[in-house]
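An overview of the molecular structure
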Amino acid sequence: MLIGLALAAVSMAPAQSVHMSLPPSVTAGSAFSIPTAGSGKAVLYIVGQGQAIRRDVQMGEATMFPAGALYNAGEYLAILVNGASTESAGFYVSPAPQPETLGFLAKPSRLPVGIRGGISGAVYVFDTYHNLITTPLPVSLELANASGTMQSHTITTRNGVAWTTMDSAAKEGPAKFVARIAGVSSTRVIDQVPGDPCGLTITARPNNGKVTVQTAPVHDCSGNPIPDGTIVTFTETYNDQQSTVDVPIKQGIARVDMPAYPGAKISVASGVVAGNEIRWGGGK
Amino acid sequence: MIKRILVMSCALALPLAALADQPTVQVKPPELQGSRPLEKQTEAAVIRDYLQSWKSLRSAFDLNQPELLSPDFVGTAREKLAATIDQQAKLGIHTRYQDRTHDLQIVFYSPEGLSIQMIDNVGYDEQVLDHDKILATKRIETRYVVVLTPSDVRWSVRIFQAAAK
């Protein structure tokens, strides 16, 4: 409200003589000058949301702002205070054109193999003063797997950001996800792990009055071995009684000794994946 | 009689003054680049938190208290604004911002859900004061590029930058 009244007052005031000349725009971090006319001493303020600067000014001379003095992009007011009179004008500071840093959001850091579009990356492009460069720029996004295969997309930024999705590889292992622009790069490592077990099968054999049940080497559907420590669940059902044993995979297989009840049904599962079922025939 | 008229006038004027400080807000439908759908609740929360951040900015710049920027601003946006407020305080000046209009549009929701980008064609008044003396007053129409990221219970402004119109 107060500002509104002041604006009205300013608009009704007689036009003041102009004592300073502003550049139409300034690039962040670049040198510029503001020439002034007249004589005597004055104070020049440069005020915006990005910076506030004060300079003592000799009227009639140009006030120099060296490189790096005004570096945050945005709208600014230049205010020349000469005794009781003030004069002000606005100007814009644009981001420097050269990218210097990237804000690279890559997700997830770990995922199963063979997921289409499962890896995403968003890149924000900044200049050396961490201003977002909003002019369109091409960003290269590459996902290189340990096996040597590579996916590559070149995306043009819009409002300073570019994004893409990539597929996780068929083979497990780390992948390097690299965002690159004009000699600047940022890397994230994506850990690609085997998927769920696939074709889970068990065999059984007698063992001193018990039955030893053992899986075949456990793989995912792409043939990647399921890591040791993954839990495999064996279930034995006999005369409406059920017993369950959780066993970690060791050296690629899971093995357990169970009571040898003739006619018992033994099944296997890992997570949500069920394997085959066998009926124990008493030594068969 | 005169006293009664004055009281009534004040009673009418106060809500009008309060209304005058509320910006006019227009929200355009999202024009998303990005694969992640934007739920209505998310959009509403982002806009609510962003408009709140202008209130914090107004107070922080007027009172020269950078701590008022939290929790609405985080990261680079907070660091830059706080540094400016410190500079103002050292120069003995402060700035009054009054946002008048916001014309908002969400333009990007990153696939992993960690950032939302919004364009705000904003109109605001800026008044620079040396203690109580007004140095300059200007009405500014500009375009802001804003990036918000989620924190525990809200969206916070991480990038806050006026861009060329």
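With respect to the overall build of chain B
Broken down by element type, chain B carries 3 helices and 5 strands. When the helices and strands of chain B are listed from N to C terminus, the series reads α-β-α-α-β-β-β-β. In chain B, which comprises 165 residues, the proportion classed as buried is 50%. As displayed, chain B offers around 7,900 Å² of accessible surface, 57% of which is attributable to carbon and sulfur atoms.

Describing the state of the cysteines
Residues and elements named next belong to chain A. Under the defined criterion, the tally for this structure stands at 1 disulfide over all chains. Across a sulfur-sulfur distance of 2.0 Å, cysteine 198 and cysteine 221 are joined as a disulfide pair. On the sign convention where negative means left-handed, the S-S torsion of about 85° between cysteine 198 and cysteine 221 marks this disulfide as right-handed. A residue pair is termed long-range when its members are at least 10 positions apart, and cysteine 198 in strand β16 (residues 197-198) and cysteine 221 in the loop between β19 (219-220) and β20 (231-238) qualify at 23 residues. Taking relative accessible area as the criterion, cysteine 198 reaches 32% and is therefore assigned partly exposed.

Points about the sheet that holds strand β3 (residues 116-130) of chain B
Residue and element names in this part refer to chain B. Strand order in the open sheet formed by 5 strands is β1-β2-β3-β4-β5, with mixed pairing between adjacent strands. Strands at the two margins of the open sheet, each flanked by one partner only, are β1 (24-27) and β5 (155-163). The mean inter-strand angle of the sheet, taken between neighbouring strand axes irrespective of direction, is 25°. Relative to strand β2 (residues 93-109), helix α2 (residues 40-63) is tilted by about 165°, and along the sheet it contacts β1, β2, β3, β4 (133-150) and β5. Helix-sheet contacts for helix α3 (residues 75-91) involve β2 and β5, and the interaxial angle to β5 is about 65°.

Notes on the nonpolar core
One finds Tyr50(B), Tyr144(B) and Phe160(B) to be the most contacted residues of the largest nonpolar core, which totals 31 residues. Elements supplying a minimum of two residues to this core: α2, α3, β2, β3, β4 and β5 of chain B. The element best represented in this core is α2(B), accounting for 8 residues. Residues in contact with Tyr144(B), not counting those within four places in the same chain, are Gln49(A), Tyr50(B), Trp54(B), Met118(B), Ile119(B), Asp120(B), Val122(B), Tyr124(B), Phe160(B), Gln161(B), Ala162(B) and Ala163(B). Membership of the second largest hydrophobic core comes to 20 residues, among which are Phe104(A), Leu111(A), Val123(A) and Ile190(A).

Digging into the pairing of β20(A)
All names here are of chain A. Sheet topology places β20 next to strand β21 (residues 241-248); 8 bridges connect them, and they run antiparallel. Within β21, the position partnered with threonine 237 by the bridge is glutamine 242. If you look at the hairpin formed by β20 and β21, you'll find 2 residues sitting between the two strands, and asparagine 239 has a positive phi there, around 50°. Bridging between β20 and strand β23 (residues 265-270) involves 5 bridges; their strand directions are antiparallel. Each residue of the ladder has a partner; that of phenylalanine 234, found in β23, is valine 268.

Side note on the interface of chain B and chain A
In this assembly, 57 residues from chain B lie in contact with 45 residues from chain A. Buried area between chain B and chain A, summed over both chains or domains, comes out near 4,100 Å², and the portion from carbon and sulfur atoms is 61%. Seen at the junction of chain B and chain A, the total is 1 salt bridge. For Glu31(B), the salt bridge is made with Arg158(A), and the minimal N-O distance between the two is 3.6 Å. Those elements that provide at least two residues to the side of chain B that touches chain A are α1 (2-20), α2, α3, β2, β3, β4 and β5 of chain B. Residue contributions to the side of chain B that touches chain A peak at 13 residues, all from β4(B). Within the side of chain B that touches chain A, the residues separate by chemical class into 28 nonpolar, 16 polar and 13 charged.

Describing the domain arrangement of chain A
When cut into domains, chain A gives domain 1 (14-94), domain 2 (101-193) and domain 3 (197-279). Taking only C-alpha atoms into account, the centre of domain 1 of chain A sits 79 Å from that of domain 3 of chain A.

A closer look at the pattern of salt bridges
Residues and elements named next belong to chain B. Scanning the entire structure with this criterion turns up 12 salt bridges over all chains. Where glutamate 43 meets lysine 40, a salt bridge forms, and the shortest distance between an N and an O atom there is 3.4 Å. In this pair, glutamate 43 and lysine 40 are both assigned in helix α2, 3 residues apart and thus about one turn of the helix distant. One network of salt bridges, with partners in common, ties together Arg100, Asp125 and Arg139.

Conventions we followed
Residues numbered from 1 in each chain as written. Chains lettered and ligands numbered in written order. Predicted model: local features only at pLDDT ≥ 70, side-chain atom pairs only at ≥ 80, totals over all residues. Heavy atoms only, no water. Helix = DSSP H or I, 4+ residues; strand = E, 2+ residues; numbered from the N terminus. Buried < 20%, exposed > 50% of the residue type's maximum accessible area, 1.4 Å probe, protein only. Areas by Shrake-Rupley, 256 points an atom, 1.4 Å probe, with all protein chains shown as cover. Disulfide = S-S within 2.5 Å. Pairing = 2+ DSSP bridges. Axes fitted to C-alpha atoms, helices over the stretch in contact; angles between N-to-C directions. Contact = heavy atoms within 4.5 Å. Core = buried A, V, L, I, M, F, W, Y, C linked by side-chain atoms within 4.5 Å. Buried area = accessible area lost by both parts, 1.4 Å probe. Salt bridge = Lys/Arg side-chain N within 4 Å of Asp/Glu carboxyl O. Nonpolar A, V, L, I, M, F, W, Y, C, P; charged D, E, K, R; others polar. Domains from an automatic or database assignment.

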